[in-house]
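# Chains, contacts and geometry: an overview
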Amino acid sequence: MRTGQVTAWARIRLAVAVAILVVIVVRLGAEPFLDGLRHTDPLALLVALVVTAITTACCARRWSVVAAGLDVHVPFATAYRRCYRSQLLNATLPGGVVGDVHRGYRHGRDTGELGRGLRSVAWDRASGQAVQVAMVAAVVPLLPEPVRGWVLAVLGAVVLLGALLLSAARREAVAALGRGWPEVLVLSALAAAGHAVVFLVAARTAGVELSTPRLLALALLVLLASALPVSIAGWGPREGAAAWAFGAAGLGAATGVEVAVVYGVMSLVATLPGMLVRVPGPPAPSRTRREAAHG
(Lines give C-alpha, C1' and ligand atoms only; values in the text may rest on other atoms or scores of the structure.)
Protein backbone atom coordinates (compact mmCIF):
# COMPACT_ATOMS: atom_id res chain seq x y z
CA MET A 1 0.00 0.00 0.00
CA ARG A 2 1.39 3.42 -0.93
CA THR A 3 1.96 6.14 1.65
CA GLY A 4 -0.93 8.21 0.31
CA GLN A 5 -3.28 5.23 0.54
CA VAL A 6 -2.16 4.48 4.10
CA THR A 7 -2.79 8.11 5.09
CA ALA A 8 -6.21 8.12 3.44
CA TRP A 9 -7.18 4.87 5.19
CA ALA A 10 -6.03 6.28 8.54
CA ARG A 11 -8.21 9.35 8.00
CA ILE A 12 -11.20 7.19 7.09
CA ARG A 13 -10.79 5.12 10.25
CA LEU A 14 -10.53 8.26 12.37
CA ALA A 15 -13.61 9.73 10.67
CA VAL A 16 -15.62 6.56 11.36
CA ALA A 17 -14.72 6.62 15.07
CA VAL A 18 -15.56 10.31 15.35
CA ALA A 19 -18.86 9.78 13.53
CA ILE A 20 -19.88 7.00 15.93
CA LEU A 21 -19.11 9.13 18.99
CA VAL A 22 -20.86 12.18 17.53
CA VAL A 23 -24.01 10.16 16.81
CA ILE A 24 -24.01 8.81 20.37
CA VAL A 25 -23.60 12.29 21.89
CA VAL A 26 -26.29 13.77 19.63
CA ARG A 27 -28.78 11.02 20.50
CA LEU A 28 -27.95 10.40 24.15
CA GLY A 29 -26.11 13.51 25.27
CA ALA A 30 -22.89 13.63 27.29
CA GLU A 31 -24.49 12.28 30.48
CA PRO A 32 -23.68 8.56 29.87
CA PHE A 33 -20.01 9.46 29.42
CA LEU A 34 -19.97 11.57 32.60
CA ASP A 35 -21.84 8.87 34.54
CA GLY A 36 -19.28 6.31 33.43
CA LEU A 37 -16.44 8.46 34.70
CA ARG A 38 -18.23 9.04 38.02
CA HIS A 39 -18.94 5.35 38.57
CA THR A 40 -15.38 4.14 38.07
CA ASP A 41 -14.00 3.23 41.50
CA PRO A 42 -10.57 2.19 42.87
CA LEU A 43 -11.58 -1.42 43.53
CA ALA A 44 -12.70 -1.86 39.92
CA LEU A 45 -9.41 -0.38 38.73
CA LEU A 46 -7.47 -2.79 40.96
CA VAL A 47 -9.40 -5.75 39.53
CA ALA A 48 -8.62 -4.53 36.01
CA LEU A 49 -4.90 -4.27 36.83
CA VAL A 50 -4.74 -7.81 38.22
CA VAL A 51 -6.81 -9.44 35.48
CA THR A 52 -4.95 -7.59 32.73
CA ALA A 53 -1.62 -8.77 34.12
CA ILE A 54 -2.89 -12.33 33.65
CA THR A 55 -4.40 -11.78 30.20
CA THR A 56 -1.20 -10.08 29.08
CA ALA A 57 0.74 -13.16 30.16
CA CYS A 58 -1.60 -15.30 28.05
CA CYS A 59 -1.12 -13.04 25.02
CA ALA A 60 2.65 -12.98 25.49
CA ARG A 61 2.87 -16.77 25.64
CA ARG A 62 0.63 -17.05 22.56
CA TRP A 63 2.89 -14.69 20.63
CA SER A 64 5.94 -16.72 21.70
CA VAL A 65 4.33 -19.89 20.33
CA VAL A 66 3.36 -18.26 17.03
CA ALA A 67 6.74 -16.56 16.60
CA ALA A 68 8.56 -19.85 17.22
CA GLY A 69 6.56 -21.44 14.42
CA LEU A 70 7.80 -18.73 12.06
CA ASP A 71 11.43 -19.10 13.22
CA VAL A 72 11.55 -15.65 14.82
CA HIS A 73 11.63 -16.67 18.47
CA VAL A 74 10.74 -14.23 21.22
CA PRO A 75 11.39 -15.16 24.86
CA PHE A 76 8.36 -15.00 27.15
CA ALA A 77 9.79 -12.23 29.33
CA THR A 78 10.47 -10.07 26.29
CA ALA A 79 7.05 -10.86 24.84
CA TYR A 80 5.39 -9.93 28.14
CA ARG A 81 7.06 -6.53 28.30
CA ARG A 82 6.34 -5.76 24.67
CA CYS A 83 2.72 -6.87 24.88
CA TYR A 84 2.18 -4.49 27.80
CA ARG A 85 3.73 -1.62 25.86
CA SER A 86 1.70 -2.60 22.79
CA GLN A 87 -1.53 -2.47 24.79
CA LEU A 88 -0.66 0.95 26.17
CA LEU A 89 -0.03 2.34 22.69
CA ASN A 90 -3.24 0.77 21.39
CA ALA A 91 -5.17 2.36 24.26
CA THR A 92 -3.73 5.85 23.76
CA LEU A 93 -3.26 6.26 20.00
CA PRO A 94 -5.80 6.29 17.13
CA GLY A 95 -6.55 3.09 15.24
CA GLY A 96 -6.17 0.54 18.01
CA VAL A 97 -3.34 -1.33 16.25
CA VAL A 98 -0.37 1.07 16.47
CA GLY A 99 1.07 -0.84 19.41
CA ASP A 100 0.89 -4.14 17.56
CA VAL A 101 2.53 -2.68 14.47
CA HIS A 102 5.32 -1.30 16.64
CA ARG A 103 5.66 -4.67 18.40
CA GLY A 104 5.98 -6.52 15.10
CA TYR A 105 8.37 -3.96 13.63
CA ARG A 106 10.61 -4.01 16.67
CA HIS A 107 10.72 -7.80 16.78
CA GLY A 108 11.40 -8.02 13.04
CA ARG A 109 14.23 -5.53 13.33
CA ASP A 110 15.74 -7.33 16.32
CA THR A 111 15.71 -10.71 14.57
CA GLY A 112 16.76 -9.38 11.17
CA GLU A 113 13.50 -10.74 9.69
CA LEU A 114 11.20 -7.74 9.40
CA GLY A 115 8.54 -9.48 7.33
CA ARG A 116 8.26 -12.51 9.59
CA GLY A 117 8.43 -10.34 12.69
CA LEU A 118 5.43 -8.34 11.52
CA ARG A 119 3.57 -11.44 10.41
CA SER A 120 4.15 -13.14 13.78
CA VAL A 121 2.14 -10.34 15.39
CA ALA A 122 -0.47 -10.45 12.63
CA TRP A 123 -1.02 -14.20 13.16
CA ASP A 124 -0.99 -13.66 16.91
CA ARG A 125 -3.80 -11.12 16.69
CA ALA A 126 -5.70 -13.11 14.07
CA SER A 127 -5.69 -16.25 16.19
CA GLY A 128 -6.98 -14.34 19.20
CA GLN A 129 -9.76 -12.70 17.22
CA ALA A 130 -10.73 -16.01 15.60
CA VAL A 131 -11.31 -17.45 19.07
CA GLN A 132 -13.31 -14.35 20.02
CA VAL A 133 -15.55 -14.93 16.99
CA ALA A 134 -16.07 -18.55 18.05
CA MET A 135 -16.92 -17.50 21.61
CA VAL A 136 -19.47 -14.95 20.39
CA ALA A 137 -21.01 -17.62 18.14
CA ALA A 138 -21.31 -19.90 21.17
CA VAL A 139 -23.26 -17.31 23.19
CA VAL A 140 -25.63 -16.17 20.42
CA PRO A 141 -28.61 -17.88 22.14
CA LEU A 142 -27.98 -15.66 25.19
CA LEU A 143 -28.01 -12.45 23.16
CA PRO A 144 -31.15 -10.29 22.85
CA GLU A 145 -33.50 -11.52 20.13
CA PRO A 146 -33.30 -8.30 18.01
CA VAL A 147 -29.51 -8.60 17.56
CA ARG A 148 -29.14 -12.35 16.96
CA GLY A 149 -29.85 -12.25 13.23
CA TRP A 150 -27.43 -9.39 12.66
CA VAL A 151 -24.72 -11.05 14.74
CA LEU A 152 -25.08 -14.36 12.90
CA ALA A 153 -24.90 -12.59 9.53
CA VAL A 154 -21.75 -10.68 10.52
CA LEU A 155 -20.12 -13.77 12.01
CA GLY A 156 -20.88 -15.70 8.81
CA ALA A 157 -19.18 -13.02 6.73
CA VAL A 158 -16.19 -12.96 9.08
CA VAL A 159 -15.81 -16.74 8.94
CA LEU A 160 -15.98 -16.70 5.15
CA LEU A 161 -13.36 -13.96 4.94
CA GLY A 162 -11.16 -15.81 7.42
CA ALA A 163 -11.44 -19.03 5.40
CA LEU A 164 -10.38 -17.19 2.24
CA LEU A 165 -7.37 -15.65 4.00
CA LEU A 166 -6.35 -19.01 5.46
CA SER A 167 -6.62 -20.60 2.03
CA ALA A 168 -4.43 -17.89 0.53
CA ALA A 169 -1.81 -18.21 3.27
CA ARG A 170 -2.27 -21.87 4.17
CA ARG A 171 1.43 -22.75 4.31
CA GLU A 172 2.35 -19.91 6.67
CA ALA A 173 -0.76 -20.51 8.79
CA VAL A 174 0.37 -24.09 9.33
CA ALA A 175 3.87 -22.87 10.20
CA ALA A 176 2.63 -20.18 12.60
CA LEU A 177 0.14 -22.36 14.45
CA GLY A 178 1.29 -25.89 13.62
CA ARG A 179 1.66 -28.14 16.62
CA GLY A 180 1.08 -25.22 18.97
CA TRP A 181 -2.53 -24.63 17.95
CA PRO A 182 -4.09 -26.27 21.06
CA GLU A 183 -2.05 -23.99 23.31
CA VAL A 184 -2.86 -20.97 21.14
CA LEU A 185 -6.56 -21.86 21.37
CA VAL A 186 -6.54 -22.16 25.17
CA LEU A 187 -4.48 -19.01 25.68
CA SER A 188 -6.75 -17.01 23.37
CA ALA A 189 -9.85 -18.23 25.19
CA LEU A 190 -8.34 -17.33 28.57
CA ALA A 191 -7.38 -13.86 27.36
CA ALA A 192 -10.84 -13.21 25.92
CA ALA A 193 -12.47 -14.50 29.11
CA GLY A 194 -10.29 -12.18 31.18
CA HIS A 195 -11.35 -9.13 29.17
CA ALA A 196 -14.98 -10.23 29.52
CA VAL A 197 -14.56 -10.44 33.29
CA VAL A 198 -13.25 -6.86 33.35
CA PHE A 199 -16.30 -5.81 31.32
CA LEU A 200 -18.55 -7.66 33.77
CA VAL A 201 -16.96 -5.78 36.67
CA ALA A 202 -17.47 -2.52 34.76
CA ALA A 203 -21.14 -3.35 34.28
CA ARG A 204 -21.67 -4.22 37.94
CA THR A 205 -19.84 -1.05 38.91
CA ALA A 206 -22.30 0.89 36.77
CA GLY A 207 -25.20 -0.82 38.54
CA VAL A 208 -26.34 -3.26 35.81
CA GLU A 209 -28.28 -6.17 37.33
CA LEU A 210 -28.66 -8.47 34.30
CA SER A 211 -27.86 -12.15 34.91
CA THR A 212 -24.17 -12.97 34.66
CA PRO A 213 -24.41 -15.35 31.64
CA ARG A 214 -26.38 -12.81 29.57
CA LEU A 215 -24.12 -9.99 30.65
CA LEU A 216 -21.02 -11.98 29.66
CA ALA A 217 -22.63 -12.64 26.26
CA LEU A 218 -23.10 -8.89 25.78
CA ALA A 219 -19.51 -8.36 26.94
CA LEU A 220 -18.10 -10.77 24.35
CA LEU A 221 -20.12 -9.09 21.60
CA VAL A 222 -19.02 -5.57 22.55
CA LEU A 223 -15.38 -6.64 22.92
CA LEU A 224 -15.40 -8.22 19.48
CA ALA A 225 -16.72 -4.97 18.01
CA SER A 226 -14.07 -3.01 19.89
CA ALA A 227 -11.38 -4.98 18.04
CA LEU A 228 -12.27 -3.15 14.82
CA PRO A 229 -9.30 -0.92 13.87
CA VAL A 230 -11.41 2.23 13.52
CA SER A 231 -11.24 3.59 17.05
CA ILE A 232 -9.74 6.63 18.70
CA ALA A 233 -7.55 5.09 21.39
CA GLY A 234 -10.16 2.36 21.79
CA TRP A 235 -13.17 4.70 21.74
CA GLY A 236 -15.89 4.56 19.12
CA PRO A 237 -16.98 1.06 18.02
CA ARG A 238 -17.01 -0.13 21.63
CA GLU A 239 -19.48 2.55 22.72
CA GLY A 240 -21.58 2.14 19.58
CA ALA A 241 -21.84 -1.63 19.98
CA ALA A 242 -22.61 -1.28 23.70
CA ALA A 243 -25.39 1.23 23.03
CA TRP A 244 -26.92 -1.07 20.41
CA ALA A 245 -26.62 -4.32 22.39
CA PHE A 246 -27.73 -2.93 25.76
CA GLY A 247 -30.60 -1.08 24.11
CA ALA A 248 -31.78 -4.29 22.46
CA ALA A 249 -31.53 -6.07 25.82
CA GLY A 250 -33.94 -3.57 27.33
CA LEU A 251 -31.28 -1.98 29.53
CA GLY A 252 -31.12 1.26 27.59
CA ALA A 253 -28.55 2.55 25.12
CA ALA A 254 -27.34 5.10 27.65
CA THR A 255 -26.55 2.30 30.10
CA GLY A 256 -24.52 0.53 27.44
CA VAL A 257 -22.46 3.66 26.78
CA GLU A 258 -21.95 4.18 30.50
CA VAL A 259 -20.66 0.63 30.94
CA ALA A 260 -18.39 1.02 27.91
CA VAL A 261 -16.94 4.21 29.41
CA VAL A 262 -16.27 2.51 32.75
CA TYR A 263 -14.63 -0.38 30.89
CA GLY A 264 -12.59 2.05 28.79
CA VAL A 265 -11.22 3.81 31.86
CA MET A 266 -10.48 0.49 33.57
CA SER A 267 -8.70 -0.82 30.48
CA LEU A 268 -6.63 2.33 30.10
CA VAL A 269 -5.49 2.23 33.72
CA ALA A 270 -4.75 -1.49 33.39
CA THR A 271 -2.30 -0.81 30.54
CA LEU A 272 -0.31 1.80 32.50
CA PRO A 273 2.33 -0.76 33.59
CA GLY A 274 3.39 -0.51 29.94
CA MET A 275 4.89 2.88 30.86
CA LEU A 276 7.34 1.09 33.15
CA VAL A 277 8.73 -1.02 30.32
CA ARG A 278 12.31 -0.18 29.64
CA VAL A 279 12.96 0.74 26.01
CA PRO A 280 16.53 -0.47 25.33
CA GLY A 281 18.68 0.57 22.42
CA PRO A 282 18.60 -1.54 19.25
CA PRO A 283 20.39 -4.86 19.80
CA ALA A 284 22.42 -6.61 17.17
CA PRO A 285 20.19 -8.71 14.90
CA SER A 286 20.00 -12.31 16.05
CA ARG A 287 20.00 -15.28 13.75
CA THR A 288 16.84 -17.25 13.14
CA ARG A 289 16.73 -21.00 13.78
CA ARG A 290 17.01 -21.71 10.05
CA GLU A 291 20.13 -19.53 9.71
CA ALA A 292 21.68 -21.18 12.77
CA ALA A 293 21.11 -24.60 11.25
CA HIS A 294 23.04 -23.61 8.14
CA GLY A 295 25.69 -21.63 9.98
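Presented here is an overview of the structure given in this document. From a predicted model like this one, the values you see are computed outputs, not experimental measurements. (Residues numbered from 1 in each chain as written. Predicted model: local features only at pLDDT ≥ 70, side-chain atom pairs only at ≥ 80, totals over all residues. Heavy atoms only, no water.)

On to the overall build of the protein chain, then. Looking only at helices and strands, one finds 13 helices and 0 strands in the protein chain. At 19 Å, the protein chain has a C-alpha radius of gyration in line with the 19 Å of a compact globule built from 295 residues. By residue count, 44% of the 295 residues in the protein chain fall in the buried class. Expressed as a percentage of contacts within the protein chain between residues at least 6 apart in sequence, the contacts between residues at least 24 apart total 73%. (Helix = DSSP H or I, 4+ residues; strand = E, 2+ residues; numbered from the N terminus. Rg over C-alpha atoms; globule rule 2.2 N^0.38 Å. Buried < 20%, exposed > 50% of the residue type's maximum accessible area, 1.4 Å probe, protein only. Contact = heavy atoms within 4.5 Å.)

With the exception of glycine, the majority of residues adopt a negative phi angle, and the majority of peptide bonds are in the trans configuration. The phi dihedral of Asp71 falls on the positive side, at around 65 degrees, and the residue is not glycine. Judged by its relative accessible area of 6%, Asp71 falls in the buried class.

Looking now at the packing of helix α6 (residues 114-138) against helix α8 (residues 170-177). Across the interface, α6 lies against α8 with an axial gap of 11 Å and an inter-helix angle of 80 degrees. Judged by the angle between their axes, α6 and α8 are roughly perpendicular. Each of Arg119, Trp123 and Ser127 in α6 lies in contact with α8, whose residues at this interface are Glu172, Ala173, Ala176 and Leu177. (Axes fitted to C-alpha atoms, helices over the stretch in contact; angles between N-to-C directions. Parallel < 35°, antiparallel > 145°, perpendicular 65-115°, else oblique.)

With respect to the secondary-structure elements, Asp110 resides in helix α5 (residues 98-111). In terms of polar contacts, Asp110 uses its side chain to reach the side chain of Arg82, at 2.6 Å. (Polar contact = N/O pair within 3.5 Å; in protein donor to acceptor, adjacent residues only side chain to side chain.)

This next bit is on the pattern of salt bridges. Throughout the structure, instances matching the rule amount to 13 salt bridges. A salt bridge links Glu172 to Arg119, with the nearest nitrogen and oxygen atoms 2.7 Å apart. Remark: Arg119 occurs in helix α6 and Glu172 occurs in helix α8; sequence separation between them is 53 residues. Ionic pairing is found between Arg238 and Glu239, a salt bridge with its closest N-O pair at 2.8 Å. Glu239 carries the same exposure label as Arg238, and that label is buried. Via salt bridges that share partners, Arg62, Asp100, Arg103, Asp124 and Arg125 belong to a single interconnected network. (Salt bridge = Lys/Arg side-chain N within 4 Å of Asp/Glu carboxyl O.)

Together, Leu14, Val18, Val22 and Val26 line one region of the surface with nonpolar side chains, adding up to about 340 Å² of accessible area. Position of Val26 among the secondary structure elements: in helix α1 (residues 3-28). (Patch = residues over 30% accessible without salt bridge, like charges linked within 9 Å, V, L, I, M, F, W, Y side chains within 5 Å. Areas by Shrake-Rupley, 256 points an atom, 1.4 Å probe, with all protein chains shown as cover.)

Moving on: the packing of helix α9 (residues 181-205) against helix α12 (residues 253-270). Direction vectors running N to C along α9 and α12 enclose 125 degrees, while the axes themselves pass 8 Å from each other. The orientation of α9 relative to α12 falls into the category oblique. Once α9 is placed against α12, the crossing between them reads as right-handed. Across the interface between the two elements, His195, Val198, Phe199, Val201, Ala202, Ala203 and Thr205 from α9 touch Val259, Val262, Tyr263 and Met266 from α12. For the contact of α9 with α12, the class distribution of residues is 9 nonpolar, 2 polar and no charged. (Left-handed = near helix turned anticlockwise from the far one by under 90°. Nonpolar A, V, L, I, M, F, W, Y, C, P; charged D, E, K, R; others polar.)

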